[in-house]
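# Fold and contact review
Below, each chain spelled out in residue letters.
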Amino acid sequence: MFLKIIHACKTSKRKVQLSFCCMRSILSLSLSLSLSLSYFFFPFRHDIMKWNGWGYSDSRFLFNKKGQAEFTGKRYRLSGLILPSLKDWFEGTFGANLQHKSPATPALNVSAVPPPNLNESFVEELKAAGVALSQEPEDRVFRSHGHCLHEIFALREGRISRVPDLVVWPSCHNDVVKIVELACKHNVCLIPYGGGTSVSSALECPPEETRSIVSLDTSQMNRILWIDEKNLTAHVEAGIIGQDLERQLNESGYCTGHEPDSMEFSSLGGWVATRASGMKKNIYGNIEDLVVHIKMVTPRGVIEKSCQGPRMSTGPDIHHFIMGSEGTLGVVTEVTMKIRPVPEYQKYGSIVFPNFQQGVACLREVAKQRCAPASIRLMDNEQFQFGHALKPQVSSIFTSFLDGLKKFYITKFKGFDPHHLCVATLLFEGDREKVLQHEKQVYDIAAKFGGLAAGEDNGQRGYMLTFVIAYLRDLGMDYYVIGESFETSVPWDRVLDLCRNVKERIVRECKERGVQFPPLSTCRVTQTYDAGACVYFYFAFNYRGLSDPIHVYENVEHAAREEILANGGSLSHHHGVGKLRKEWMKEAVSTVGLGMLKSVKEYVDPSNIFGNRNLL
Amino acid sequence: GQTRVLHMLRAELESFFDILEERRQSSDISHALRTFSAQPYHEATPPSVKALNRMVLESQFLRYVIAEVAAESGEPPECVKEEAAGILDKMAQNLQLSFIRLLGFSLSKIFKRLFRSIWVNEDGLARLQQAIQEHPVILMPNHRSYIDFLVLSYIMFTYDLSIPVIAAGIPLMGMSLIGEIFRRSGAFFIRRSIGSDKLYWAVLSEYVRTIVRTGFAPVEFYVEGLRSRTLKSLTPKLGLMQMVLEPFFKGEVYDVLLVPVSISYDRVLEETLLAHELLGVPKPKETTTGLLKARKVLEDDYGCMHVCFGKPVSARALAQGRVNRGQFNLVPRGLPLNASAELQEFVNGVAHLLVRLQEKNMVLSPWSLMTFTLLQSPQGVDWDQLTHKTLWLRTLALRFGAHLNWPDSEVMSDSLALHHSIACREKGRVQLVEEVGPGPVTQEEAVFRKASAVLMCASYRNQALHVFTRPALVALAMTTAASPRKGEQRFCFLQELFANELIFIPGHAVQDFEEGCDGLQQCGALTITDQTLRVTEEEQDAIIFLTAILQPFIETYEVVCRILCEERFQTFSEKSFLSSVRDAVIKLLISGEVRSYECLSSNTQKNVLWALLRMGAVSKSRV
């Protein structure tokens, strides 16, 4: 064990510098070969992840010397492949040019990081309690941001604003209790940190905060504590990352089925704190449907229910104070979740519709008949073309011939206009027999709306797009293109109007603000509900010639959100409010509603220890 | 919002082209039969009339209202639905290109006979073409003649623009054959007084909204509601205005573009009818035979007409920061929209703005300016003096931002010749012409004839009245207020008093006052020292002239008030009001106590009543 640690420390690219106290405890613990030892070895995720972009360091898009796009690494289906049509799409859509590069600052300039503002007595007591911590600039900067465009853009330019003064790594619930107690005692500000995938400025340190800011990283609380096969639940520490949770459960033959697009990096605690939604919610439900029990540490103490009854009538559900609290009330430490046996069979699928209207009408009918597959998503025409640009080089003439034939059939024989058609991607799960039956039912409905089955491959590629799109933004930023996604939920009768108006608003706002080339403004319907749908927008533009692109970008996004609200869309379906959308909260939940939330905050955390200033 | 509005109101100079010129040189048949390729909004293809009507009848909105009406009246819903279908059948347009072609052919013939030229601003048409492709477009012309909408459709056809769907009054439909031709040229018909007929409102509003939503054709309607008998802008009506804006409020379309269209005639076809109507002679019913009899109209010369397509006004831009579109989020989109006070105020403001834009863009004829002097000299005026004063007025009008059609120096004598039915020059003196009728006339008849001539002349002055209203009101306010400091207060009072007479955008009193002051300052009639406005001694002429413009209105208001103070008017019915006031005014004119024959204008008399009602001097109760 001991040797392994030393080895890990040696081979790690970046020197892991723990506090002296921490090293000492490692040594003492390792000498005693205590079982808890492994928790003090941090498999620092940030070693294998980018400090100024999305995801793994080894995976990124680039244009090679031949000007062809490729995706590096080995982690994804797309990894190591050439994407022949991406360049043309990229240049054509954004008016970008491979000659015009806007590269990022290669490495973090440590001297640009402000020195930590430490509360010495707090640090002393924390060390005494044996909690791992760090005040290294890299650790602090890594936990000072989420993945909003402005956050990443600033990092790429090497601009560092207020960052946490200290990072602490509790290893279990009791550590958290201790940290929160000490934070209250010494009046320091705590900001819980899970996977760091926030897109609502939730992790940004409030610049007006004068106290010492401590980032509470839950990544070491990542164990599945037990699995209850009788009740089909699992009790899990909240710091576990989505893909680890799923993989470990799979080993026992189970899954949660909760798959938000960020699941490679986001944490269970983060899902609870933001009211996350998973791609397969039609079968498994969103986080609020999956959670059976939550334990959260607050400045007032620990909040949890006394039993795990599947439903209760005990006043307003206290879980709903916790879910969506965005780290303003405390730290979620442990969660009991529903689990399901791993499905026997999975099948992708796709449907081509002559236009977006028909596609939405079909999704609405599917929702009405309550026969939505595990996932059903509808991409608009722009996104369909975008998806096409990501087609890897085909290996055989036969495949390319088949592709050509398909295209001919759809556009020439069926008369679909390539500039209007759109695609729905599907994912079915369950027993083989039922899946096939279900598939038929959905395709039959689609046929009534002019939809044509378009194969499994297109479906699968659609879902893959979800995971690589965030990497693509980094590529764009290398060539003067910036972009972002945002989402909303809206009643069925307003889906079409909202999509059209928001897309149009983006285009017009860009033009008014001097963006030289028409932006990419595209959307997809990603979830269906009985009474409405979730809509996801992508928006990106070429910022050459703009003196303050981020400001322009923020104005356009602001306008787009105003447009969403004016068209009956919600402030957020699953990204949360953070600090980015705070200004609309009162309008969104009414003055009384906001007052209710504030009074809860006042009771639970009167000295604003959890001072990330999200939401309220 | 205010600066935006002011910006829009700034005058613009554009070049006009005569569309008849080409018609005089090439074949009308080939013009009518040429390939017509309009670019509609978002490539929308027009739905068939049947499909459109079905969309309307099966809308959530109509189903809701039908159920409501059925519940209220106790009738079975099927009957109510039947009734709604009947209303729709009577209302719906049936736009067919072949009829547009037929109309195009015959209108070419007719217009060439009636007019020397029809001037259109081509920049406006280019903007319109662009607008039609971007968003649903609403054409909002002013209404001065029966032929207004024919001219518009004719222009649209000539320039390959989508033929508009037009809201027309039901009397037109009553004309056999002609009604059908209009229907097939895109007219849909609206009852004059809808009152509280809920079902009718529902069918109409859903019909209009559906057309705006689908956007296959521009919607054209007269925001003034009716043809202006006085040729002066009318207070806008809000019903249709709200209907066309609703799809935008609800987000069903990204934007709605409102295009003000200013139509002006050198000589209006209906000029004699107008004066008679104002004097209380009922207007002849619109019939096809009536129209055929009016053929002789074709034998006369009506000079030129001008059509100016204004800049499209974006409803979205106007609503920015003023309308919370989120207010409709909690009600299903198909359900009736309960317009909040804020929204009604907005709609009212938009409607007034559009009327103002119509006024601003209007091209005025020299004759309009000449009538000012003619009316201010009831005993006639020397030709030299008339031309001299008119030229002076021309300078003034240009300073105030008017568009004038002033090709050459001969234009004034030309104008006089064109209007031989109103005024004539004899031995160097110009005088109004009175109608000649049979034999000995009573005193009343003499007054009547005189008034008819004056009112006819006044209507041409009214076409240009808007140019002078603000400076004139300031001049009047400054010269009658107790102290110069009270000028603005007096101005506001006058504005409120004349709110039905002259069009002011609600809530724009400050800007109106400033505009008026600016105008007077420019011509040197007003100075500002130490933030105090003062009327100068040097430019008394301008002040006197401007206040004189308003004199006939003020006199009418005074007279009507005086008459209403008589004991028999303690209580009176709305019906008897006009005839009793008319009789009283005639007596006063005969006795010489009242001097202006314009006091006989029933339009102004009605406006007095509205003003008094609005200001609380008269109250209305149902018996």
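Since we're looking at a predicted model, the values are computed, not measured.

Thresholds applied
Residues numbered from 1 in each chain as written. Chains lettered and ligands numbered in written order. Predicted model: local features only at pLDDT ≥ 70, side-chain atom pairs only at ≥ 80, totals over all residues. Heavy atoms only, no water. Helix = DSSP H or I, 4+ residues; strand = E, 2+ residues; numbered from the N terminus. Rg over C-alpha atoms; globule rule 2.2 N^0.38 Å. Buried < 20%, exposed > 50% of the residue type's maximum accessible area, 1.4 Å probe, protein only. Contact = heavy atoms within 4.5 Å. UniProt positions renumbered as here; feature names shortened; annotations may be inferred. Buried area = accessible area lost by both parts, 1.4 Å probe. Salt bridge = Lys/Arg side-chain N within 4 Å of Asp/Glu carboxyl O. Polar contact = N/O pair within 3.5 Å; in protein donor to acceptor, adjacent residues only side chain to side chain. Pairing = 2+ DSSP bridges. Phe/Tyr/Trp six-rings, centres within 6.5 Å; stacked < 30°, edge-to-face > 60°. Lys NZ or Arg CZ within 6 Å of the ring centre and 35° of its normal. Axes fitted to C-alpha atoms, helices over the stretch in contact; angles between N-to-C directions. pLDDT = per-residue confidence, 0-100. 1 Å grid on protein atoms, 1.4 Å probe; cavity = no way out; pocket = protein on both sides within 12 Å on 5 of 7 lines; lining within 4 Å. Points joined across faces, edges and corners; volume = space filled by probe spheres on them. Core = buried A, V, L, I, M, F, W, Y, C linked by side-chain atoms within 4.5 Å.

What follows deals with the overall build of chain A. Scanning chain A from terminus to terminus reveals 21 helices and 21 strands. Expected size for 616 residues packed as a compact globule is a radius of gyration near 25 Å; at 25 Å, chain A falls within 12% of this value. The principal-axis extent of the C-alpha atoms belonging to chain A is close to 75 × 60 × 55 Å. Looking at the 616 residues of chain A, the share that counts as buried comes to 57%. Put simply, 77% of the contacts in chain A that link residues at least 6 apart link residues at least 24 apart.

Let's shift gears to the UniProt feature "domain: FAD-binding PCMH-type" (unreviewed entry) in chain A. This chain's UniProt record puts "domain: FAD-binding PCMH-type" (unreviewed entry) on residues 160-342 of chain A. Between the C-alpha atoms that bound residues 160-342 of chain A the distance is 44 Å, and the span itself is 23% helix and 26% strand.

So, about the interface of chain A and chain B. If you look at the interface, chain A gives 14 residues, while chain B gives 16 residues. Area buried by chain A at its contact with chain B is led by Arg494, Arg508 and Ala566 of chain A, which between them contribute 37% of it. Our enumeration of links across chain A and chain B arrives at four salt bridges. The closest approach of N and O atoms between Arg333 of chain B and Asp497 of chain A, which form a salt bridge, is 2.4 Å. Counting the contacts that link chain A with chain B gives 13 residue pairs in polar contact (both at pLDDT 80 or more).

Further remarks concern helix α9 (residues 148-158) of chain B. Among the 11 residues of α9 of chain B, 10 are classified as buried, and the element is accordingly described as predominantly covered. Within the span of α9 of chain B, buried status applies to Asp148, Phe149, Leu150, Val151, Leu152, Ser153, Tyr154, Ile155, Met156 and Phe157 of chain B.

Alignment of strand β8 (residues 224-228) of chain A against strand β9 (residues 233-237) of chain A, held across four bridges, turns out to be antiparallel. Bridge assignment links Trp226 of chain A to a residue of β9 of chain A, and that residue is His235 of chain A.

Looking now at the packing of aromatic side chains. One pass over the structure, following the stated rule, counts 37 aromatic pairs over all chains. Ring plane angle 10° and centroid distance 4.5 Å describe the contact between Trp89 of chain A and Phe386 of chain A, whose orientation is recorded as stacked. Of this pair, Trp89 of chain A sits in helix α4 (residues 86-94) while Phe386 of chain A sits in helix α15 (residues 381-389), and the two are 297 residues apart along the sequence. When the ring of Phe498 of chain B is compared with that of Tyr557 of chain B, the centres are 4.9 Å apart and the planes differ by 75°; the resulting orientation is edge-to-face. Here Phe498 of chain B, found in the loop between α22 (487-497) and α23 (509-522), pairs with Tyr557 of chain B, found in helix α24 (residues 540-565); they are 59 residues apart in sequence, far enough to count as distant. Among the aromatic residues, those joined into a cluster by ring pairs are Phe63, Trp89, Phe90, Phe94, Phe386 and Tyr479 of chain A. Of note, Arg227 of chain B hangs over the ring of Tyr146 of chain B, and the distance from its end group to the ring centre comes to 4.3 Å. The ring of Tyr254 of chain B carries Arg316 of chain B above its face, with NZ or CZ at 3.7 Å from the centroid.

Here we take up the sheet that holds strand β12 (residues 301-303) of chain A. Residue and element names in this part refer to chain A. Spatial strand order, β8-β9-β13-β11-β12: five strands in an open sheet with antiparallel pairing. Looking at strand neighbours, the two that pair on one side only are β8 and β12, the edges of this open sheet. Neighbouring strand axes in the sheet, compared pairwise and without regard to direction, differ in orientation by 10° on average. Relative to strand β13 (residues 331-338), β9 is paired through five bridges, and the arrangement is antiparallel. Across the sheet, the residue bridging to Thr233 is Lys338, located in β13. Relative to the sheet, helix α8 (residues 173-186) contacts β11 (291-298), β12 and β13, its axis offset from that of β11 by approximately 35°. This element, helix α9 (residues 242-251), spans β8, β9 and β13 of the sheet and lies at about 45° to β8.

Model confidence for chain A is summarised by a mean pLDDT of 90, while 91% of its residues fall at 70 or above. Taken as a whole, residues 1-41 of chain A scores under 50 in pLDDT and shows 35 contacts with residues more than four places along the chain or in a different chain.

This next bit is on the pattern of salt bridges. As enumerated under the stated definition, the model contains 69 salt bridges over all chains in all. Between Glu206 of chain B and Arg213 of chain B there is a salt bridge whose closest N-O contact spans 2.7 Å. A residue is classified by how much of its surface remains accessible, and Glu206 of chain B, at 4% relative accessible area, is buried. One connected set of salt bridges, linked through shared partners, spans Arg505, Glu509, Arg513 and Glu563 of chain A together with Arg316 and Arg325 of chain B.

Attention shifts here to the pairing of β13 of chain A. All names here are of chain A. Among the eight residues that make up β13, seven are buried, leaving the element largely enclosed by the rest of the structure. Pairing between β11 and β13: six bridges, direction antiparallel. Across the sheet, Val297 pairs through a bridge with Val331, a residue of β13.

This next bit is on the layout of surface pockets. Considered as a void within the structure, the largest pocket measures approximately 2,400 Å³ in volume. If you trace the largest pocket, you find 47 residues lining it, with Gln357, Leu496 and Arg500 of chain A together with Tyr41 and His42 of chain B closest to the centre. Secondary-structure elements contributing two or more residues to the lining of the largest pocket are α4, α14 (356-368), α15, α19 (495-512) and β20 (520-528) of chain A together with α5 (60-73), α8 (122-134) and α12 (198-214) of chain B. With eight residues, α19 of chain A is the largest single contributor of residues to the lining of the largest pocket.

Residues and elements named next belong to chain B. Counting residues in hydrophobic clusters, the biggest one holds 138 residues, and the most contacted among them are Phe111, Phe115, Val307, Phe309, Phe468 and Leu546. Here this core takes 19 residues from helix α21 (residues 443-480), the largest share from any one element. Those residues within four positions of Phe111 in sequence are excluded, and the remaining contacts are Leu20, Ile118, Ile147, Leu150, Val151 and Tyr154. The next biggest cluster of nonpolar side chains, apart from the first, holds 66 residues, and it includes Tyr200, Phe221, Val244 and Ile505.

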